[in-house]
Amino acid sequence: MAAHNSTAMAVPGYGKQSAPEQLPRSASDFAHLPVREAYLASLIDHLPDGAAMDIKSLAVLQPHYGQAACRTALNRLSTAGHLRRVRERLSSKDCRWVFHTYFSRTPRSDAWWNRFLATGGSGDTGGTSTPADPDPPDERTAVRNHTPLPSAAYAALAGLGLADPRLALSAADCTALEPLAAEWFARGATPALFTVALTNGLPPDVHSPAAFTRRRLLDKLPPERPHPPQQLTRIPECTACRTPCRPQALLGGLCRACRGTPAPPPPRPGTLPPAAVHRHAAQARDALRRNSAPPSPVYA
């Protein structure tokens, strides 16, 4: 019996979303998973973004596993680092929330998912990679070719000569001026604004492009802009029970209850520490012994 060929698209705002910077597809993508999880992971991987991937839809899309098996498989794919469920705000001005399931054929660590869900971009911020937390493709290419990628500031400086030959800079000039240009981008400048500000109103002759550019970088530095207060735009959910949680409370995408870890009992108001209980018990026993002692005989 073949799987269904039609793919149900989820309600707008729901459904699969592909995580960024995944490795290319290969025959061994899900070889580390059990047979059921590998089969369903491959099925999900080939679904288009926006496709419904809830347990009912997955059970309909293939003939081998029912809803209960799909539910268990999704939980295990979550703990293996392949997916996370998230509710997201539509926009900073819209209070409505939608629900997505991010899927990555490349398994990711909890740290990678937490960084991705916090920033909305790549989960990698540099450092050593692991099989569950690989480098993005651009970084892998740069390491393989031993050629670091130029920064946005360096690229903007190198492009000034294309916008106006009077500001043609050498590679050494771009390297020396890169920290000053980087401050422009840190303050919100775009490459287009940067180029216009540096090339607008040039004198007929520029005898020292590097010195002239340095002067303009200092004199026309844009002001620091106040950062708007950050609004919560993404809330991770437990893959199993869909309870919203702090990212640090989810291990493998599962909350404490769904991981089977018993929660520590909350302290009751007025509870005494064990040492104080023992002390009070000893005092009570001493008082009972004194009160129960026979009276001393009285001799006439």
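Residues numbered from 1 in each chain as written. Predicted model: local features only at pLDDT ≥ 70, side-chain atom pairs only at ≥ 80, totals over all residues. Heavy atoms only, no water.

Enquirer: Where do I start with the overall build of the protein chain in this structure?
Expert: Looking only at helices and strands, one finds twelve helices and four strands in the protein chain. Taking all 300 residues of the protein chain together, the buried fraction comes to 33%. When contacts within the protein chain are restricted to residue pairs at least 6 apart in sequence, those whose partners lie at least 24 apart make up 61%. Of the roughly 18,400 Å² that the protein chain leaves accessible, carbon and sulfur atoms contribute 60%. (Helix = DSSP H or I, 4+ residues; strand = E, 2+ residues; numbered from the N terminus. Buried < 20%, exposed > 50% of the residue type's maximum accessible area, 1.4 Å probe, protein only. Contact = heavy atoms within 4.5 Å. Areas by Shrake-Rupley, 256 points an atom, 1.4 Å probe, with all protein chains shown as cover.)

Enquirer: I tried to follow the pattern of salt bridges on my own but got confused; where do I start?
Expert: When charged atoms on two side chains of opposite charge get close, those side chains can pair. Within this structure, the stated rule accounts for ten salt bridges. Residue Arg 187 is joined to Glu 183 by a salt bridge in which the shortest nitrogen-to-oxygen separation is 2.8 Å. Residue classification places Glu 183 among the partly exposed positions, given a relative accessible area of 31%. A salt bridge links Asp 219 to Arg 215; its shortest N-O distance comes to 2.9 Å. (Salt bridge = Lys/Arg side-chain N within 4 Å of Asp/Glu carboxyl O.)

Enquirer: I'm lost on the side chain of Asn 75 in this one. Help?
Expert: Inspection of the secondary structure puts Asn 75 in helix H3 (residues 67-79). Apart from residues no more than four positions distant in its own chain, Asn 75 is found in contact with Thr 239, Ala 240 and Leu 254.

Enquirer: I tried to follow the packing of aromatic side chains on my own but got confused; where do I start?
Expert: A ring pair, where both rings are aromatic, is described by two values, the distance of the centres and the angle of the planes. For the structure shown, the criterion picks out eight aromatic pairs. When the ring of Phe 30 is compared with that of Phe 103, the centres are 6.5 Å apart and the planes differ by 50°; the resulting orientation is tilted. Separated by 73 residues along the polypeptide, Phe 30 in the loop between strand E1 (16-18) and helix H1 (35-45) and Phe 103 in strand E3 (residues 94-103) bring together distant segments of the chain. This pair shows no difference in class: Phe 30 is buried, exactly as Phe 103 is. A centroid spacing of 5.5 Å and a plane angle of 80° characterise the contact between Trp 184 and Phe 194, whose relative ring orientation is edge-to-face. In this pair, Trp 184 sits in helix H8 (residues 171-186) while Phe 194 sits in helix H9 (residues 191-199), placing the two residues ten residues apart along the sequence. Classification of Trp 184 as buried rests on a relative accessible area of 1%. Within the aromatic cluster, the residues linked to one another by ring pairs are Tyr 102, Trp 112, Trp 113 and Phe 116. (Phe/Tyr/Trp six-rings, centres within 6.5 Å; stacked < 30°, edge-to-face > 60°.)

Enquirer: How should the nonpolar core be read in this particular structure?
Expert: Soluble, globular proteins show a tendency: their nonpolar side chains are buried together. Counting 19 residues, the largest nonpolar core has Ile 44, Met 53, Leu 58, Leu 74 and Leu 77 as the members making the most contacts within it. Listed by contribution, the elements that provide at least two residues to this core are H1, helix H2 (55-61) and H3. Excluding residues that lie within four positions of it along the chain, Leu 77 makes contacts with Leu 33, Glu 37, Ala 41, Ile 44, His 82 and Leu 83. Counting 18 residues, the second largest nonpolar core, distinct from the first, contains Ala 156, Ala 181, Phe 194 and Leu 198. (Core = buried A, V, L, I, M, F, W, Y, C linked by side-chain atoms within 4.5 Å.)

Enquirer: For this particular structure, what's the right way to read the environment of Arg 246?
Expert: Checked against the element boundaries, Arg 246 lands in the loop between strand E4 (234-237) and helix H11 (256-259). For the pair Arg 246 and Asn 114, spaced 132 residues apart in sequence, the C-alpha separation works out to 9.6 Å.

Enquirer: Even after reading the chapter, I still don't get the confidence of the model for the protein chain, so can you show me in this structure?
Expert: It should be kept in mind that the predicted coordinates are not to be read in detail where pLDDT is low. Here the protein chain shows a mean pLDDT of 77. Residues at 70 or above account for 73%. Looking over the protein chain, one finds the lowest element-wise mean pLDDT in helix H5 (residues 137-145), namely 40, and the highest in helix H10 (residues 209-219), namely 94. Within the model, pLDDT remains below 50 along residues 122-147, and this stretch shows 35 contacts once partners closer than five positions in the same chain are excluded. (pLDDT = per-residue confidence, 0-100.)

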